[in-house]
Amino acid sequence: MRICLISPPSPELIEPLSFPPLGLLYVAALLDEHDLTICSIDAGDQIPKDSDIYAFTCATTQVPWVKGEILRIKKTNPNSFIIVGGPHPTMTKQSLGADCCFIGEAEVSINDVVKEQQRGIVFGEKPEKLDNFPFPKRDADFLSKYYHYLAGKRTTSMVTSRGCPFNCAYCCGVNKPVRFRSPLSVYKEARQIKELGYDSIVFYDDIFTLRNQRLKKMCDLISQLDIQWKCLSRGDLVDKEMVDWMVKAGCIEVSFGVESGSQKMLENVNRHVKTADSIKAIRMCNDAGLRTRAFFIIGLPGESWESIEETRRFLLKAQPTTFNLSMFMPYPGSDIFEHKERYDIEFDKSLILEHPEELWYQRKFDEYTCLVRTSAMTSEEILKTRKQLSEEFEEEERYWERKDDK
Ligand code: B12
Ligand code: SF4
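Keep in mind the model is a prediction, meaning the values are calculated, not measured.

Q: Got a sec to walk through the site of ligand 2? Specific residues and values, please.
A: With respect to spatial proximity, the complete set of residues near ligand 2 consists of C164, F166, N167, C168, C171, G173, D206 and G257. When its residues are assigned to classes, the shell around ligand 2 shows four nonpolar, three polar and one charged.

Q: Would you mind going over the site of ligand 1 in detail, with residue names and values included?
A: In the vicinity of ligand 1 lie 40 residues, with G23, T57, G85, E105 and C172 positioned nearest. Of all elements in the fold, only α1 (22-30), β3 (53-57), β4 (81-85) and α3 (87-92) reach the threshold of two or more residues within the shell around ligand 1. By residue number, the principal contributor to the shell around ligand 1 is α1, which donates five residues. Tallied by class, the residues present in the shell around ligand 1 amount to 23 nonpolar, 13 polar and four charged. Here the shell around ligand 1 gathers at least three residues from each of two domains, domain 1 (2-123) and domain 2 (148-405).

Q: Tell me about the packing of helix α6 (residues 183-195) against helix α7 (residues 212-222), and please be specific about residues and values.
A: The interhelical angle for the contact between α6 and α7, taken along N-to-C directions, is 35°, at an axis separation of 9 Å. Handedness of the α6/α7 crossing: right-handed. From α6, P183, L184, V186, Y187 and A190 reach across to α7, where they touch R214, K217, M218, L221 and I222. When the residues that make up the contact of α6 with α7 are grouped by side-chain class, the tally is eight nonpolar, no polar and two charged.

Q: Provide a residue-level description of the environment of T76, including the pertinent values.
A: With respect to the secondary-structure elements, T76 resides in helix α2 (residues 63-76). Assessed through the 11 C-beta atoms surrounding it within 10 Å, T76 is described here as exposed. Sequence spacing of T76 and G261 is 185 residues, and the spatial spacing of their C-alpha atoms is 52 Å.

Q: Residues and numbers for the packing of α7 against helix α8 (residues 240-248), please.
A: For the pair α7 and α8, the least separation of the axes is 9 Å and the interaxial angle reads 20°. The pairing of α7 with α8 is recorded here as roughly parallel in orientation. For the pair α7 and α8, the sense of crossing is left-handed. Of α8, the residues touching α7 (which contributes N212, L215, K216 and C219) are M242, W245, M246 and K248. Its residues placed into classes, the contact of α7 with α8 shows five nonpolar, one polar and two charged.

Parameters and conventions
Residues numbered from 1 in each chain as written. Chains lettered and ligands numbered in written order. Predicted model: local features only at pLDDT ≥ 70, side-chain atom pairs only at ≥ 80, totals over all residues. Near = placed C-beta within 6 Å. Nonpolar A, V, L, I, M, F, W, Y, C, P; charged D, E, K, R; others polar. Helix = DSSP H or I, 4+ residues; strand = E, 2+ residues; numbered from the N terminus. Domains from an automatic or database assignment. Axes fitted to C-alpha atoms, helices over the stretch in contact; angles between N-to-C directions. Left-handed = near helix turned anticlockwise from the far one by under 90°. Contact = placed C-beta atoms within 7 Å. Buried ≥ 20, exposed ≤ 12 C-beta atoms within 10 Å, placed from the backbone. Parallel < 35°, antiparallel > 145°, perpendicular 65-115°, else oblique.

Read these as layout, nothing more, since geometry by itself doesn't imply function.
This is the structure:
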């Protein structure tokens, strides 16, 4: 069977060729016995005309392009079978015109879907023991289309767990509940990545430090590989001992989803992390010699002049090495999108459903859009204060990324 796997373009990203589409590479590994082509549209690959099956991965921002391509393939190759999977179909159950709309993770069910050409909405059975399934298909030719440097070293991405146990109201929360791979399986995949010529890994787990003893075992094993890495954590899920293990194992950077400096706002969006814990965690990592990055979302429900000021004070106190101020975008499937009446926020739901491309919050470097307003701030005010806050701290940022990472 000729199967073409398609990674749609990501014009919303400033550097779309930083990381390969991991989800699709997992699907590729599962379908390995077929005649496979993997197309990265961002890398300029052309979709073959004569495939038997076309399988798209799709995030919400990619919907208009995917819909258009499905329509085109239906005309030019009407006998082919088209599948769409990934975060958007999983959150919305929208088929976008495909024959099969695949919900959830591919591991257990994708081969049956392909063999039986199952039509309509198909719910993928949850893979429980992740160790039983193959690593992503990291074909060297395909990987060479992507490049990312972390502190001067060529870097690629990997995940060691699925899902997360929390329910933040702004998050799409795909691939729940949380499941972990064994430290040994993580080590073997990291070793394979090293053998492919990478000395550096970004762990894209939602929260890499979720389980203390598992982290210790992973660090013990990873330290044998002499690689550098970075990961995501939470202010309440890291302590000094864990940081020491991580440093010894080659960790150079930890990112924290702080989201806001206002405790009240965090509680409003069901993010139960104390700002004091985030400050403590960032400073602890700084002291251990790690680079720290704090992610904030401006424009969450209840955003006000006061909460912006609290975010400003947070930055002054925590002093992360760098930070990102992204704009809040309500994604279908998140609690805020589905139940906006419960939150202090306004946005046009039908506009987002009809034009999901509007959810690109950053059109170009430093060019942001805002689709929301709160009782205290208009969209324009949210945009303006985001920019002001960013400019105020730009001078203080050390900007290691731009200096070192090219
Ligand atoms: C790493 C990551 C990124 C990276 C790299 C993306 C990449 N090229 O890999 C960066 C930073 C670039 C990024 C950017 C964005 N991201 Co992002 N990202 C993630 C993150 C943390 C991990 C993705 C991952 O690799 N998961 C591991 C793999 C194994 O899981 P998976 O991709 O879901 O794949 C499985 C299934 O979905 C399914 N599957 C996937 N594709 C297909 C295809 C077929 C045919 C089938 C059958 C099955 C199938 O099988 C796979 C194996 O089980 C997720 C959160 C998460 N935990 O998943 C958010 C997430 C995917 N991102 C999200 C968002 C919103 C974005 C941005 C839009 C943000 C922005 N800038 O505005 C952009 C859009 C980028 C894009 N066009 O895809 C949302 C998606 C929401 C949505 N409804 O689309 C998520 C879910 C975060 C969240 N919790 O809200 N992201
Ligand atoms: S934002 Fe992070 S912690 Fe919150 S539900 Fe999503 S992945 Fe989990």
